Amino acid sequence: PVTYGDLDYGSGPRAAPTVFDGRVYTLGALGHLWCLNAETGKPLWSQDLVAEGLAKIPEWGLAASPFIWRNLVIVHPGGEPDACLVAFDRETGELVWRSGSDPAGYATPILIGREPDQQLVCWSPLHVLGIDPADGTIRWSVPYEVTYGVSIATPIYHQGLVFVSGYWEGSKTIDPAFDAGEAEVVWEDRRFLRGLMSQPLAREGFVYLLDKSLGLTCFELQTGEIKWDDRQHRMTPRGRNPQATLVWTGHEDQVLILNAHG
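Residues numbered from 1 in each chain as written. Predicted model: local features only at pLDDT ≥ 70, side-chain atom pairs only at ≥ 80, totals over all residues. Heavy atoms only, no water.

Explain the sheet that holds strand 8 (residues 95-99) residue by residue, including any values.
Strand order in the open sheet formed by 4 strands is 5-6-7-8, and the pairing between neighbours is antiparallel. The open sheet has two edge strands, strand 5 (67-69) and strand 8, and neither has a second partner. Taken over all neighbouring pairs, the strand axes of this sheet differ in orientation by 25° on average, direction set aside. The pairing of strand 5 with strand 6 (residues 72-75) spans 3 bridges and is antiparallel. What sits directly across from W69, in strand 6, is L72. (Pairing = 2+ DSSP bridges. Helix = DSSP H or I, 4+ residues; strand = E, 2+ residues; numbered from the N terminus. Axes fitted to C-alpha atoms, helices over the stretch in contact; angles between N-to-C directions.)

Written as structure tokens, this is what we have:
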């Protein structure tokens, strides 16, 4: 049981549960992290991230799903100090590392690269971060301060580039610099490519993004050149916060879209 109090939209958890190796990992809007037996629901361990000083709850609550990497479950609670990301042993719940001083955003981190050189990309309200998942070392950081802290849409990684898109500050495409040196912004667009909640999709060099004024928009990832858009708003009605869920079906090039009208 929790009391949501003044939390905006205080009506339940936001983060999707993460299922792995017979266990379910859940993170509540107010920072309650649980590991449950997937078959029975029996609690195996839990952490109250606020009570442990590992979380500072943002305006709309914690929303990033727990992320599994090897023997770790990694969460994005934005605690102060040095708890933007926190990793626990996924079997025992023991704290393994904490990293970064940024506040919590709403997007789930993503893993990029291949073994043994992998990075966890986290989009906070202040930066896009490349982090070593083994120990939390920050390998690179690209400034990107967003209005109201709305780093929401899950980043994507395609053709060697990281792409993030925000409602007011637009899009950034980043070369994560696996070889050496600091990551670099390849291009950015503050005028047209401005998504909010919908995770963009990518395939064969093209990205599909729900822009706040143009509707569903297709552009080249490498250049940002727009190929077509839906400014007639046939896919989903235009609104202050246009929203639709886009998911590849796995059948050829078809996408399943659930729009704001259901």
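Pulling in residues and values, what's your account of the nonpolar core?
Counting 17 residues, the largest nonpolar core has L27, L33, W45, L49, V75 and F88 as the members making the most contacts within it. Secondary-structure elements contributing two or more residues to this core are strand 2 (23-27), strand 3 (32-37), strand 6 and strand 7 (85-89). Ranked by size, the runner-up nonpolar core spans 13 residues in total, among them I112, W140, V142 and V162. (Core = buried A, V, L, I, M, F, W, Y, C linked by side-chain atoms within 4.5 Å. Buried < 20%, exposed > 50% of the residue type's maximum accessible area, 1.4 Å probe, protein only.)

Describe the environment of G78, and please don't skip the residues or the numbers.
Position of G78 among the secondary structure elements: in the loop between strand 6 and strand 7. In the structure, G78 is positioned 29 residues away from L49 in sequence and 9.9 Å away in space, judged by C-alpha atoms. With sequence-adjacent residues up to four places away left out, G78 is seen in contact with L54, A55, K56, A83, C84, D102, P103 and A104. (Contact = heavy atoms within 4.5 Å.)

Now, about the sheet that holds strand 9 (residues 110-114): what can you tell me, with residues and values included?
Taken in spatial order, the 4 strands of this open sheet run 9-10-11-12, and their pairing is antiparallel. Only two strands of the sheet have a single partner each, and these edge strands are strand 9 and strand 12 (138-143). Looking at each pair of strands side by side, their axes are set apart by 20° on average, direction ignored.

With reference to specific residues and values, describe the packing of aromatic side chains.
In total, this model carries 12 aromatic pairs according to the counting rule given. Geometrically, the ring pair formed by Y25 and W45 is tilted, given 6.3 Å between the ring centres and 55° between the ring planes. Residue Y25 is found in strand 2, and its partner W45 is found in strand 4 (residues 43-48); the two are separated by 20 residues along the sequence. Taking 5.4 Å as the distance between ring centres and 70° as the angle between the ring planes, the aromatic pair formed by Y148 and W168 counts as edge-to-face. Pair noted here: Y148 is in the loop between strand 12 and strand 13 (156-158) and W168 is in the loop between strand 14 (161-166) and strand 15 (170-175), with a separation of 20 residues, a long-range link. Residue classification places Y148 among the exposed residues on the basis of a relative accessible area of 58%. Residue W168 is classed as partly exposed on the basis of its relative accessible area, which comes to 34%. One aromatic cluster in this structure is built from Y25, W45 and F88. Taking NZ or CZ as reference, R203 lies 3.8 Å from the ring centre of W248, over its face. The ring of Y167 is capped by K212, whose NZ or CZ atom sits 4.6 Å from the centre of that ring. (Phe/Tyr/Trp six-rings, centres within 6.5 Å; stacked < 30°, edge-to-face > 60°. Lys NZ or Arg CZ within 6 Å of the ring centre and 35° of its normal.)

Explain the environment of H261 to me, and be specific about the residues and the numbers.
Tracing the sequence through the fold places H261 in the segment after strand 22 (255-259). Between the C-alpha atom of H261 and that of Q243, which follows or precedes it by 18 residues, the distance is 9.6 Å.

Please provide a residue-by-residue account of the pairing of strand 7, values included.
In terms of burial, strand 7 is a largely internal element, 5 of the 5 residues being buried. Alternating positions in strand 7 separate into two faces, L85, A87 and D89 on one and V86 and F88 on the other, with burial throughout. Bridge analysis of strand 7 against strand 8 gives 4 bridges, and the strand direction is antiparallel. By the bridge assignment, L85 is partnered in strand 8 with S99. Here strand 7 hands over to strand 8 after 5 residues, with G93 in that stretch at a positive phi of 80°.

Would you mind going over the side chain of R194 in detail, with residue names and values included?
Turning to its location among the elements, R194 is positioned in the loop between strand 16 (184-189) and strand 17 (201-203). Here the side chain of R194 touches R191 through a polar contact of 2.9 Å, landing on its backbone oxygen. For R194, the side chain forms a polar contact with the side chain of S213, separated by 3.3 Å. Once you skip the residues sitting within four places of it in the chain, R194 turns out to touch S165, G166, Y167, W168, G170, L209, L210, D211, K212 and S213. (Polar contact = N/O pair within 3.5 Å; in protein donor to acceptor, adjacent residues only side chain to side chain.)

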